[in-house]
Amino acid sequence: MEAKAIAKYVRISPIKLQPVTALVRGKDLNEALTILKFTPGRGSEAIEKVVKSAAANAENNHSMDPENLFVAEVFAHKGPTMKRWRAGSKGRAFPILKRTSHIGVTLREKE
C-alpha cells in the first residue's frame, strides 16, 4: 500500500531541489519532516508541503498508520520553463529562463 502526492509547476529550479530530495529519501516520516523543517532554503519548504500532503493522503484515503510510514520515493522533475527577456545594450535582448519543477512523494508502510 502506498500514498502519493504531487506538486506541479513549483517556481524553483529542479537542480536546487535535488540535494534536498536526497536528504529525505528512505527516511521515516517524522525524521523526514524534522530534516525538512531545519534545512535552510526554499526547496525544503516546498518538499515539506508535499510530504505533509502525502501523509494526509495516507491517513485519510488509505487508513495507514502515520507512525509506520517512510518516504519510499521523492523526485523533482523539470517542468516547463518560462521565457522572459531583459533589455541589453544597443537594443539587444538577453533571455531569462524561469524554471519550474514537478515535485512528487510516495510514502509506504514498513513491513
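Because the structure is predicted, anything quoted here is derived from the model rather than measured. (Residues numbered from 1 in each chain as written. Predicted model: local features only at pLDDT ≥ 70, side-chain atom pairs only at ≥ 80, totals over all residues. Heavy atoms only, no water.)

J.: Summarise the pairing of strand β5 (residues 101–109); cite the residues concerned and give the values.
T.: Counting buried positions along β5 gives seven out of nine residues, so the element sits mostly inside the fold. When strand β1 (residues 2–10) meets β5, the two strands line up antiparallel, connected through seven bridges. In the strand pairing of β5, alanine 5 is matched with valine 105. (Buried < 20%, exposed > 50% of the residue type's maximum accessible area, 1.4 Å probe, protein only. Helix = DSSP H or I, 4+ residues; strand = E, 2+ residues; numbered from the N terminus. Pairing = 2+ DSSP bridges.)

J.: Describe the sheet that holds β1, naming the residues involved and giving the relevant values.
T.: Spatial ordering of the open sheet is given by β1-β5-β2, a layout of three strands whose pairing is antiparallel. Edge positions in the sheet fall to β1 and β2 (69–78), since each of these pairs with one other strand and no more. Sheet twist, expressed as the mean angle between neighbouring strand axes with direction ignored, is 15 degrees. Each of β2 and β5 is contacted by helix α1 (residues 14–24), which is oriented at about 165 degrees to β2, the strand it contacts most. (Axes fitted to C-alpha atoms, helices over the stretch in contact; angles between N-to-C directions. Contact = heavy atoms within 4.5 Å.)

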